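# Structural overview for review
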Amino acid sequence: MNAIVALCHFCELHGPRTLFCTEVLHSPLPQGASSGDISGQNEQAEEEEGGIQMSSRIRSHSPAEGASADSSSPGPKKSDMCEGCRSLAGGHPGYVSHDKETSIKYVSHQHPNHPQLFSIVRQACVRSLSCEVCPGREGPIFFGDEQHGFVFSHTFFIKDSLARGFQRWYSIITIMMDRIYLINSWPFLLGKIRGIIDELQGKALKVFEAEQYGCPQRAQRMNTAFTPFLHQRNGNAARSLTSLTNDENLWACLHTSFAWLLKACGSRLTEKLLEGAPTEDTLVQMEKLADLKEESEGWDGSEEEEKPPSQPDVVEGQELSKCSPETSLMPDCNSWNVAHRRLSVFRSLRHMRQVLGASAFRMLAWHVLMGNQVIWKARDMDLVQSAFDVLRTMLPVGCVRIIPYSDQYEEAYRCNFLGLSPHVQIPSHILSSEFAVLVEVRSATRSSLYPALFDDEQSLNKYEFVVTSGSPVAADRVGPTILNKIEAALTNQNLSVDVVDQCLVCLKEEWMNKVKVLFKFTKVDSRPKEDTQKLLSILGAAEEDNVKLLKFWMTGLSKTYKSHLMSTVRSPTSSESRN
């Protein structure tokens, strides 16, 4: 967490003063810092706690410690400080903790070395002990602005038998520039800082009670009630926090607590990129995975029934690769097929358009978008599966039903993508139907080689692709709007294949949103046909091909979305609001 935690004190002679602060460094130590250990002084052995390694390191003395009188350096002069205003003794190197996990350093000293940070901490210290105080002068408060940062401040009192009112005023402040992050961390900071304060107050209370028991100050002050006030102030001002708590290791303990506080507060909240509600494709895929999981659980403990060889598997929204009878006896046939996969495959829609030609591709794409059955006849299974993998990208996942390869014809209600071997006979009514398109992959003659192919695609030169349908798409036919946009993207050579893929995703989402509106308008609200026509005009889908496309894509809506709409309509609150 990019923040600074500081302990502040209100001195009776010098006003608000910063006693001790811990900051986060993502770069090497500040100017004057070094990784060398102190020699001849009280070195603190390196110790690990919670993934943080702490040690004392050499650091140039700040003016607050009396090592320099340079007026350009931040910090008050030595003459402006007393024992109550000073935490680390002159020549003390400060404390540095190294977080091994993130390579972040937590540095503690009396004042930040950077002039701008010193100014920010100084202003926050003054405000926390003067004007920005909660009722009772003890407790948490939040203040700040965009220029000087935002501050979480917790003021408290420490018992002192020699101070006016037998107590001194302190505060622990947390400064950072991210207002939302600091506000969200309020409960965490309040609990942890409150624990630090309770420990300090407990130690000081023991010292206070021991001093009062040995030499009560109240009676002594009553006897000197007429002593000049300034004389009393000068006698009671200089007393450090270490003497008030009788803890020589106080600053090392505070460094450990502040460093852990910064690390823990930065780890408990993380930012996540939210991309909105899940798409229909995502919902359909989740539903299919749930169905597969239920089926697998139902099969546990029971024998699986063998499927008839004449019923090929139907794959909805996913790819299925089968082994031929000749290779099924070989172990790990799937991996063998992948290792020996041929190069005669389609890589993208643009590649397929180049191979088939513009007119044949448009006819094929039109049937795909309309939901008609697409039949491929070829010997090469890999070629057929690659064609289906490319064509399915134009449809929502819920509209895809694939039988990759079969030895017999399957009806359109079972699949809209069907791969057949060359010897399979297709019924004549299917060949003449306007709701089916056939792509025959034949051995190419020398005169029919495709000049549009590149040199590295010679593997497809041996094939000839014949696209036929009972309802050929005329060249001058407008077609669905999404088809025209897809062709525009494919013909734009300035767009890479990855960019075209993203265009397809956006186009599908755009038209799936129109499908959702039409579904709720017609199936849920049961509006009349006149209103439906008006809605289609508003959606820009009043043409015949667009209407057919919307009706087919409506079958790809997820069960989650449909059940959500139906439950919303059936709820009494929704019916009352519509009335």
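All figures in this text were calculated on a predicted structure; none of them were measured in a lab. (Residues numbered from 1 in each chain as written. Predicted model: local features only at pLDDT ≥ 70, side-chain atom pairs only at ≥ 80, totals over all residues. Heavy atoms only, no water.)

It is worth spelling out the overall build of the protein chain at this point. The helix and strand tally for the protein chain stands at 19 helices and 15 strands. Taking all 579 residues of the protein chain together, 45% fall into the buried category. For the protein chain, contacts bridging at least 24 residues in sequence account for 69% of all contacts bridging at least 6. Looking at the protein chain as shown, the accessible area adds up to about 30800 Å², and 53% of this sits on carbon and sulfur atoms. (Helix = DSSP H or I, 4+ residues; strand = E, 2+ residues; numbered from the N terminus. Buried < 20%, exposed > 50% of the residue type's maximum accessible area, 1.4 Å probe, protein only. Contact = heavy atoms within 4.5 Å. Areas by Shrake-Rupley, 256 points an atom, 1.4 Å probe, with all protein chains shown as cover.)

Its 13 residues give helix H11 (residues 358–370) an end-to-end C-alpha distance of 18 Å, which sits within 8% of 18 Å, the value for a rise of 1.5 Å per residue. Judged by how many residues are buried, H11 sits mostly within the fold: eleven of 13 residues are covered. Immediately downstream of H11, the backbone of Gly371 shows phi near 90 degrees, a positive value. (Expected span 1.5 Å × (residues − 1).)

Turning next to the nonpolar core. Core analysis: the largest hydrophobic core is formed by 66 residues, its most contacted members being Phe346, Met352, Trp376, Leu391, Phe465 and Trp553. By residue number, the principal contributor to this core is helix H15 (residues 497–524), which donates ten residues. Of all hydrophobic cores here, the second largest spans 39 residues; its members include Val24, Phe150, Phe156 and Ile158. (Core = buried A, V, L, I, M, F, W, Y, C linked by side-chain atoms within 4.5 Å.)

Scanning the entire structure with this criterion turns up 16 salt bridges. Across the pair Lys516 and Glu280 runs a salt bridge, and its minimum N-O distance is 3.4 Å. Separated by 236 residues along the polypeptide, Lys516 in helix H15 and Glu280 in helix H8 (residues 280–299) bring together distant segments of the chain. Both residues of the pair, Lys516 and Glu280, count as buried. Residue Glu544 is joined to Lys548 by a salt bridge in which the shortest nitrogen-to-oxygen separation is 3.3 Å. In this pair, Glu544 and Lys548 are both assigned in helix H17 (residues 544–553), four residues apart and thus about one turn of the helix distant. (Salt bridge = Lys/Arg side-chain N within 4 Å of Asp/Glu carboxyl O.)

Here we take up the packing of helix H10 (residues 349–356) against H11. Running from N to C, H10 and H11 cross one another at 125 degrees; their axes reach a closest spacing of 6 Å. One way to sum up the angle between H10 and H11 is to call them oblique. Relative to H11, H10 is oriented so that their crossing is right-handed. Listed contacts from H11 to Leu349, Met352, Arg353 and Leu356 of H10 are Ala358, Ala360, Phe361 and Leu364. For the contact of H10 with H11, the class distribution of residues is seven nonpolar, no polar and one charged. (Axes fitted to C-alpha atoms, helices over the stretch in contact; angles between N-to-C directions. Parallel < 35°, antiparallel > 145°, perpendicular 65-115°, else oblique. Left-handed = near helix turned anticlockwise from the far one by under 90°. Nonpolar A, V, L, I, M, F, W, Y, C, P; charged D, E, K, R; others polar.)

What follows covers the environment of Glu544. On the basis of relative accessible area, Glu544 is assigned to the exposed category, the value being 53%. C-alpha separation for the pair Glu544 and Pro480, spaced 64 residues apart in sequence, amounts to 8.2 Å.

Turning our attention to the pairing of strand S1 (residues 4–11). Burial analysis of S1 places seven of its eight residues in the buried class, which makes it a mostly covered element. Of the pairings in the sheet, the one linking S1 to strand S2 (residues 15–25) comprises eight bridges and is antiparallel in character. Bridging from a neighbouring strand, Cys8 pairs with Thr18 of S2. Between S1 and the antiparallel strand that follows it, S2, lie three residues. As paired strands, S1 and strand S9 (residues 167–176) are joined by six bridges and run antiparallel to one another. For Ile4, the partnering residue across the bridge sits in S9 and is Ile175. (Pairing = 2+ DSSP bridges.)

The next thing to look at is a negative patch on the surface. Where like charges cluster on the molecular surface, the negative patch consists of Asp291, Glu294, Glu295 and Glu297. Mapped onto the fold, Glu297 is located in helix H8. Residue classification places Glu297 among the partly exposed residues on the basis of a relative accessible area of 47%. (Patch = residues over 30% accessible without salt bridge, like charges linked within 9 Å, V, L, I, M, F, W, Y side chains within 5 Å. Lys, Arg positive; Asp, Glu negative; His and termini not counted. Charge placed at Lys NZ, Arg CZ, Asp CG, Glu CD.)

A few words on the side chain of Ser433. Position of Ser433 among the secondary structure elements: in the loop between helix H13 (428–431) and strand S14 (436–443). The buried category is assigned to Ser433, whose relative accessible area is 16%. Side-chain polar atoms of Ser433 contact the backbone nitrogen of Phe435, separated by 3.0 Å. Contact partners of Ser433, with chain neighbours within four places excluded, come to Ser469, Gly470 and Ser471. (Polar contact = N/O pair within 3.5 Å; in protein donor to acceptor, adjacent residues only side chain to side chain.)

Counted according to the given criterion, the structure contains 14 aromatic pairs. Here the aromatic rings of Phe166 and Phe208 are separated by 6.2 Å at their centres, their planes lie at 70 degrees, and the arrangement is edge-to-face. Taken as a pair, Phe166 in the loop between strand S8 (149–159) and S9 and Phe208 in helix H3 (residues 186–214) lie far apart in primary sequence, 42 residues in all. Here Phe166 matches Phe208 in class, with each residue buried. Aromatic rings pair up to connect Phe346, Trp376, Tyr463 and Phe465 into one cluster. Residue placement shows Arg137 over the ring face of Trp169; its charged tip is 3.9 Å from the ring centre. A cation over a ring is seen here: Lys516 above Tyr561, with NZ or CZ 5.2 Å from the ring centre. (Phe/Tyr/Trp six-rings, centres within 6.5 Å; stacked < 30°, edge-to-face > 60°. Lys NZ or Arg CZ within 6 Å of the ring centre and 35° of its normal.)

Next up on the list: the packing of H11 against H17. Contact geometry of H11 with H17 gives a least axis separation of 8 Å together with a crossing angle of 50 degrees. Relative to H17, the element H11 lies oblique. Within the contact between the two elements, H11 uses Trp366, Val368, Leu369 and Met370 and H17 uses Asp545, Lys548, Leu549, Phe552 and Trp553. By residue class, the composition of the contact of H11 with H17 is seven nonpolar, no polar and two charged.

A positive phi angle is found at Ser103, which is not glycine, with a value near 60 degrees. Here Ser103 shows up in the loop between strand S5 (95–99) and strand S6 (104–109). A positive phi is found at Asn246, a non-glycine position, where the angle reads about 55 degrees. Positionally, Asn246 belongs in the loop between helix H6 (241–245) and helix H7 (250–268).

None of the figures reported here should be taken as evidence of function without further support.
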